[in-house]
Amino acid sequence: MNPPKPPEPPLPDMRAGIRAFVIRRSLSFRDADGATVLALLCAGACAPVLADRPWQEAVSEIRTVGGYALGKIAEGAFWQFRNQHGDDADPSAAQIEPIFAEEFAAALGGDGGERVADAAVDLLLKLGGLGAALDAAVSRGNGATATAIIDRLILLGSDFGAARRLISQTMLFESMGFEAAVGPGPSSGEPPATATDADGPTPDSGGSAQDSESDGEGPEPERDEPSSSGEESDTDAATSDPKAPTAPGRLRRWIRRRGVVLGVFIGLAACLLLTSALTIAGQLRYNDYRDATMSERLIEASNDVSLTDGPLAQLLAAAAWRIDPTDAAWAAMSRAVNRLATGLFSAGDQASPTTIAYNPDGTSLATAGSDGSVALWDTETWESVLLDVRMDWGVESLEFSPDGLLLAVGGYDEAVMLWDLRTGESIELPFPDDASYLAFDPLGTKLAAAGYFGPATVWDTGTFEEVSTFDAVRTTTGIKFDPDGENVIMSSSDDGRLLEFDAETGAGPEVIDLDPELVEVTGVYTFDIAGNEPHNFLICDLDCLVWGESGGQELEPVTSFNSIYEPVAFTAKGNQVVGTFLDGGLGVWNAASGATVGILPYTGSIHDLAVSPDGRTVVAAVADGVQRWDLTRLGERTETRLTQSMNSIWVNGDWETAVGVGESGSDLWEFQYGGDPIESYPEHVGMSTAMTPDGKVVATALESTEATVELWDTESGESIRTLTGEGGLVSQVVFSEDGAMLAGVMEVPAEGEAEAGQELVFWDWEQGEVRTRISFDAGQSVSFFRFNSEGTEILTLAGDGRAQLWDTGDGSLLGELAPSGSQPYDLQFSPDGSLIAAATSDGIAFWDRAEPESDPAIFDTGFSSSSIAFDADRPYVAVVEDYPVRYEDDRPPRITILDYEIGAGLAALPIGSFFGGFGVSPDGNTVALVESDLVTKFDISYLRGDIHALACEQAGRELTEGEWETYLPELEYGSIDPCG
């Protein structure tokens, strides 16, 4: 159902309206007529300036008034004219206008079209606006152009009274047959001459033949001398013509004459009614234009704020949908769903926050600014108050006591400030170094501080007296108390070890050896990991590793995290870790599996991180204040860590079962039972594997130089048969979607002077026979191949980037895909076989299967993409995007769901590094991939549901009056309900 129409807004500013319309419509491929009309407008306004004067002077004036872009177009028009009429010719206005219009229209369609359109709008306004151009169009007799201009005047919300007059005059103008003749403009105030006036009898000249015949009296005699007056005297008529009609005849003629006049009045009334109708239609078109413009603006605003405020992004997208329910608005709502960012809050009078910490109950947090100030924030209102404390040389660390009553502040002033939040009093504790790291013991009775270069001190928080001092004598990167508060643990980046000191005496250190290959330890954190022993330690270097509980002995890694770096924070129960990606961006990792489970969008730089005590909220100190994310918005996903390492893993199309092959044999998994295999077959070893779609048969390419593929039964593990191809090693095997055919890439050994090559071999595996072969040039490698759904065609991608289409029946080449301009890494047929899609180094490319050699449609996503998969019944593709192509773009890897019919992204799913299979489930509800030995499945079923309702549910609030004023200033507050 369409949303109710909001009240009419005030008429928009003419200049802004014209510019918005020109950019939105005139340059759109959907409305080429708009560009034509703009070209005619500009040409009509400029022609008098360009006419009958030296071309340099004319071009200079156009450039002065309209800018460089229009000056270049005018110059081009002059050269076109002189090429046609000679070098010394100066054009008239009529001669130069069509040439200028043609040059201008071409410029509108070029790369700088928007800039040209802006310049044209400014020029038209400076030269008298669209009204003057309209006058020129009407005066030249171009009624069709005049009507088009008037239509745009109405759409742009200009003077409706003037528009109605212009419509009336233009309609009369066109109806009187002067579309190609010269007539007066609408500003003359006189009705234009008509064809009837010039060529035939008027109502007062005795009627017409048709009138006479309709009386039944025959034709009227012509008058020798028509009366000079507009009306005929009855007396004169009777005496001047002996055959003049009698009184009844004159009465009939009078009735006829009055009937004609009445007809004119009726016609004029009809014109007025039609004019009113057209004006109403114009008003409705203006409403539609206004709605479309507001909706587009809201979509753009939703995209912008989604990095900082997901609920606001959802409400703006929902409002765009309510105002104008377009595909673009639906896509904007889809993107806004599950957005984790829930607000960016200004630091107010505090300089850019650099450090942040939650208090233990999550009701407040503290930030330290780059100016050495400290602020307390209320996490309900997100308002902050500066404390009366400032460290002249800056703050580096903040720590709340376990009861939340004390706040410790450490920095570069060789002191620790301890703030009593109950009384507002503070005490300064001397420290011999920069207090880079702070920690309270679990009871809050002790406070420890450590400097970057190793010194450490422990104080009693009741007496503020020094308890112990010690020195790590190495670069320190973190400090924590152990769970019972008896020992202090410090991490060092010098030798990758943990040092344990007695908190009361300072005795030690007892060395805890970590991984000997660890180059740098950048932090130590204590927390619990679900399913593991409590109080594990998270240690970070270039990646982050988790070790078990300290005990004076060497620790073994529990989990490794891919590409995570400081700053790092963790949830209270230790089930998730938040940190920055090495290549930029902010992510969330599962602490038990190490898998990336979320991407936190943000702008600017992250200075520090903290997680609320309940584990639901992440906050960061950023340049503008505090950024907040809601971890409860993480999309639904399941992870299965496979317990065996394999050379090759094949996941079936339903993403419920998988087979893996390695040096120790083959394993079968059903993911509903977790990561342990349901069956293991040590006798089936190999390099590559594949499974039939029904999951009953597995093909394993053996480590043999004899082109050998083994087929075996998944229930019994028994061998079915062995296929040979009379060649060398088989490196890849794939079944067709109907399971009837098996294809494999086979090495062809060198013979004599011939180089080694490759063949793609097709087997009828049930019969054990080779059906056909496709040979490739010597030295050419086949990166991969893909069947179409019927198994009748196959795509191959060569190492040199060539993509080719083959017939699987006879092995003939059907065509070579036109180059996309970038390196393809994956190719797929659409489910119906009509499209071919490629993941490339610059985005995505689509070819029409019927014309593979035609240039593809290119989607520049800003990412280098490695894999692509089609949805079975919707125009969606899922794309693995590995890294941004632009150096300044620091977005992390992800999977993007793209609607390729409207060219809009719908969702972004977080991933780590991608090493294995990828696909969309047959029902379209799941996107899944294999990262090394981790299988992750993302639930995207919400894209099939009511996105509008879901966006509003997640927003959980309404637009504030301030937000309404910012994003919907044309409408009265509350006049539409974005979520109604």
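Right above here is the structure, for reference.
Being a predicted model, the structure only gives us computed values, none of them experimental.

*Asks:* With reference to specific residues and values, describe the environment of Val622.
*Replies:* Looking at the secondary structure, you find Val622 in strand S27 (residues 617-622). Of the residues examined, Val622 reaches a relative accessible area of 3% and is grouped as buried. Separated by 14 residues in sequence, Val622 and Asp608 place their C-alpha atoms 7.7 Å apart. Residues within four places of Val622 in sequence aside, it is in contact with Leu344, Ser352, Pro353, Ser605, Ile606, His607 and Gln627.

*Asks:* Any chance you could break down the pairing of strand S44 (residues 803-807) for me, citing the residues and the numbers?
*Replies:* Of all five residues making up S44, four are buried, and the element is well covered by its neighbours. As defined by bridge partners, strand S43 (residues 793-798) adjoins S44 across five bridges and the pair is classed as antiparallel. If you follow Thr796 over to S44, its bridge partner there is Gln804. Connecting the antiparallel pair S43 and S44 is a turn made up of four residues, with Gly801 showing a positive phi of about 95°. As paired strands, S44 and strand S45 (residues 813-816) are joined by three bridges and run antiparallel to one another. Counted as the bridge partner of Trp806 is Leu813 from S45. Between S44 and S45, which pair antiparallel in sequence order, lie five residues; one of them, Gly811, sits at a positive phi of approximately 75°.

*Asks:* Pulling in residues and values, what's your account of the state of the cysteines?
*Replies:* Counted by the stated rule, this structure contains one disulfide. Residue pairing for Cys952: its cysteine sulfur links by disulfide to Cys979, the two sulfurs lying 2.1 Å apart. Between Cys952 and Cys979, the disulfide has an S-S torsion of -95° and is therefore left-handed. On the criterion of sequence distance, the pair formed by Cys952 in helix H16 (residues 947-955) and Cys979 in the segment after helix H17 (961-967) is long-range, its members being 27 residues apart. Looking at Cys952, the relative accessible area reads 14%, which means it is buried.

*Asks:* So what about the nonpolar core? Which residues, and what values?
*Replies:* Soluble globular proteins: nonpolar side chains tend toward being buried together. In this structure, Leu298, Leu316, Ile895, Ile897, Phe918, Val927 and Leu968 are the most contacted members of the largest nonpolar core, which totals 50 residues. Dropping the residues within four chain positions of it, Phe918 is found in contact with Trp655, Ser867, Ile868, Ala869, Ala878, Val879, Val880, Ile895, Val927, Ala928 and Leu929. Counting 21 residues, the second-largest nonpolar core is a separate cluster that includes Ala43, Ala69, Ala77 and Ala89.

Parameters and conventions
- Residues numbered from 1 in each chain as written.
- Predicted model: local features only at pLDDT ≥ 70, side-chain atom pairs only at ≥ 80, totals over all residues.
- Heavy atoms only, no water.
- Helix = DSSP H or I, 4+ residues; strand = E, 2+ residues; numbered from the N terminus.
- Buried < 20%, exposed > 50% of the residue type's maximum accessible area, 1.4 Å probe, protein only.
- Contact = heavy atoms within 4.5 Å.
- Pairing = 2+ DSSP bridges.
- Disulfide = S-S within 2.5 Å.
- Core = buried A, V, L, I, M, F, W, Y, C linked by side-chain atoms within 4.5 Å.

Such coordinate-based values are descriptive only and should not be taken to indicate function.
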